[in-house]
Amino acid sequence: MVKQIAILGSTGSIGRNALQVIDALGPGYQVVALSAHTNVQLLAEQARRYRPAFVAVTDTDCAPQLGKLIADPDVEILAGPDSLADIAQLEEVDIVLAAVVGAAGLPAILAAGRKGKRLAIANKEPLVIAGELLRKETEKNGGVILPVDSEHSAVFQAMQSGSPEEVKRIILTGSGGPFREATARDIQNATLEEALSHPVWSMGPKITIDSATMMNKAFEIIEARWLFDMPVEKIEVLIHPESIVHSLVEFVDGSTIAQLGEPDMCLPIQYALTYPARVAGIARELRLEEIGQLTFAKPNLDTFRALSLAYEVARAGGTAPVVFNAANEAAVEEFLAGRIKFVSIVEFIEHCLNKHSIKATVSLEELLEADAWARREVTELACSV
Ligand code: MG
C-alpha cells in the first residue's frame, strides 16, 4: 500500500527536508498535497516536481500568482487559511506532516486527528497549546501522533523499552543555544545577530530565537507532558552542546535508554513516516569515534527564565500554555523586527502570564481568544517601550 502524505508547510526547513526524505523512501510514499503561506515560487517548483493532486496557499493574495506559476489542470489549487484543514482531511491522505510555523496549523491538525490520520507533528505549538485535546481526539478516532521534534522522537523511541508506568524520568536534551554559557547579565544586550547564530542546528529565524531564549526547550517540556501523558515533575532538561544524544528515558529499575544520531532532522521525519518500520535513509551516519566526547550540564535557570515558567504553565494548564505560546510568537516578531530587546521577549511573556486569568476548560474557541489577547498585549507593550 502506497502511503499518501500531505505536507502542511512544505516550503519551510522541515517541509524541504521531508521532501528529500520522501524522495529517498521511493515509490511507497507519495505526496498528495503541499501547502505554503506565501512562498509561491518554491511551492510551484515543488508542485511541478511532485505533481500533488492539491496545493494550498494560506495567504489568499498569493493564489493568482500560484495559479499562473503551476498552470497544470491536474493540480487543484486551494487558497486561504482554511485550505490547510481541507487538505489535511482529504480521504486519500494517510499521513499529515504538520510543519507550519507557530499555532496557525492547529485547526487543520485537530481536524485531521479527528479523521484518524497519522499526525507527524514537527512544530511544537499545536501540542503545547492543545496537546491534551489533540491526543484525546486523535486516539479516540484511531489516529496516532508521531513526534517529529528530535527530542520527542528520541523519547518516543526510548519509551518502547518499557511501559509508561515504568518510566521514572524523561530527560530532554538541549544544545543550550548561542547563550549556553551566558549569565543573565550577559544577555541583557544580546543583539539580533548573536541570537540568530545557533551553534548546531540550522533552522528558521523564529525557532532559532526560541532556542536562544530556551523557550524552545520550555515548549518541549509542555509538549512532552501531553505527548507522553507524563506529569511535568517527571520531565527534566539537560544541556548537551554536541546535540548527539537527542533525549533519554530513565526507567524505575535504573536503566536509562537514549537515542543518538547526528543532528539531522531527516531522521525524526523519516521515523514518523515509516514507524513502526525502520528503513535505510538519507540521515548521516553517526561516528562516535570522530566526536570523541559528549558533555552534559544542568541548565542555568537564572539565564533561562523560560524554563522555570514552563513548569508553572504546565501545572496551570487550561489557557496558560496558549498565552505562553502566543506572547512568545508576538514578542519574537517584535524582536526580529528590531523593535524590542532580546531580554524583553521573556519579560513580555511573563507579564502576559501574570495578567491573564486562566480558564481551566479549553475549547478551540477559548484557545484562539486567549491567543489573540496575548498577541494584542505584546503589541501594546512593544509600542510603549
Ligand atoms: Mg527540538
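Residues numbered from 1 in each chain as written. Predicted model: local features only at pLDDT ≥ 70, side-chain atom pairs only at ≥ 80, totals over all residues. Heavy atoms only, no water.

Moving on, we come to the coordination of the magnesium ion. The protein atoms that coordinate the magnesium ion are Asp 149 (OD), Glu 151 (OE) and Glu 220 (OE), at distances of 2.0 to 2.2 Å. Coordination of the magnesium ion draws on donor residues from a single chain, spaced D-x1-E-x68-E in sequence. Assigned by exposure class, Asp 149 and Glu 151 land together as buried. (Donors = N, O, S within 2.8 Å, 3.2 Å for Na, K, Ca; no water. Buried < 20%, exposed > 50% of the residue type's maximum accessible area, 1.4 Å probe, protein only.)

Pairing of strand β6 (residues 118–121) with strand β7 (residues 144–147) involves four bridges; the strand directions are parallel. By the bridge assignment, Arg 118 is partnered in β7 with Val 144. Remark: the β6/helix α6 (residues 125–140)/β7 crossover connection has right-handed handedness. (Pairing = 2+ DSSP bridges. Helix = DSSP H or I, 4+ residues; strand = E, 2+ residues; numbered from the N terminus. Right-handed = clockwise from strand over helix to strand, strands pointing away.)

This brings us to the packing of aromatic side chains. Pairs of aromatic rings are described using the distance from one ring centre to the other and the angle between the two planes. Taken as a whole, this structure holds six aromatic pairs when the rule is applied. When the centroid spacing of 5.7 Å and the interplanar angle of 65° are considered together, the rings of Phe 335 and Phe 342 count as edge-to-face. Here Phe 335 matches Phe 342 in class, with each residue buried. Lying across the ring of Trp 226, Arg 225 places its NZ or CZ 4.0 Å from the centre. (Phe/Tyr/Trp six-rings, centres within 6.5 Å; stacked < 30°, edge-to-face > 60°. Lys NZ or Arg CZ within 6 Å of the ring centre and 35° of its normal.)

Let us look at the domain arrangement of the chain. In terms of domains, the chain is made up of domain 1 (3–147), domain 2 (149–262 + 285–305) and domain 3 (317–385). Inter-centroid distance (C-alpha atoms) of domain 1 to domain 2 is 27 Å. In this complex, domain 1 contributes 14 residues to the contact, which on the side of domain 2 involves 15 residues. Here domain 1 and domain 2 share an interface that buries about 1300 Å² over both sides, 66% of which is from carbon and sulfur atoms. Taken together, the links from domain 1 to domain 2 amount to four salt bridges. Among the ionic pairs, Asp 229 bridges to Arg 135, the shortest N-O distance being 3.4 Å. In this structure, the connection of domain 1 to domain 2 is made through six residue pairs in polar contact (both at pLDDT 80 or more). Within the residue set of the side of domain 1 that touches domain 2, elements represented by two or more residues are α6 and β7. Looking at the side of domain 1 that touches domain 2 residue by residue, the classes come out as eight nonpolar, two polar and four charged. (Domains from an automatic or database assignment. Contact = heavy atoms within 4.5 Å. Buried area = accessible area lost by both parts, 1.4 Å probe. Salt bridge = Lys/Arg side-chain N within 4 Å of Asp/Glu carboxyl O. Polar contact = N/O pair within 3.5 Å; in protein donor to acceptor, adjacent residues only side chain to side chain. Nonpolar A, V, L, I, M, F, W, Y, C, P; charged D, E, K, R; others polar.)

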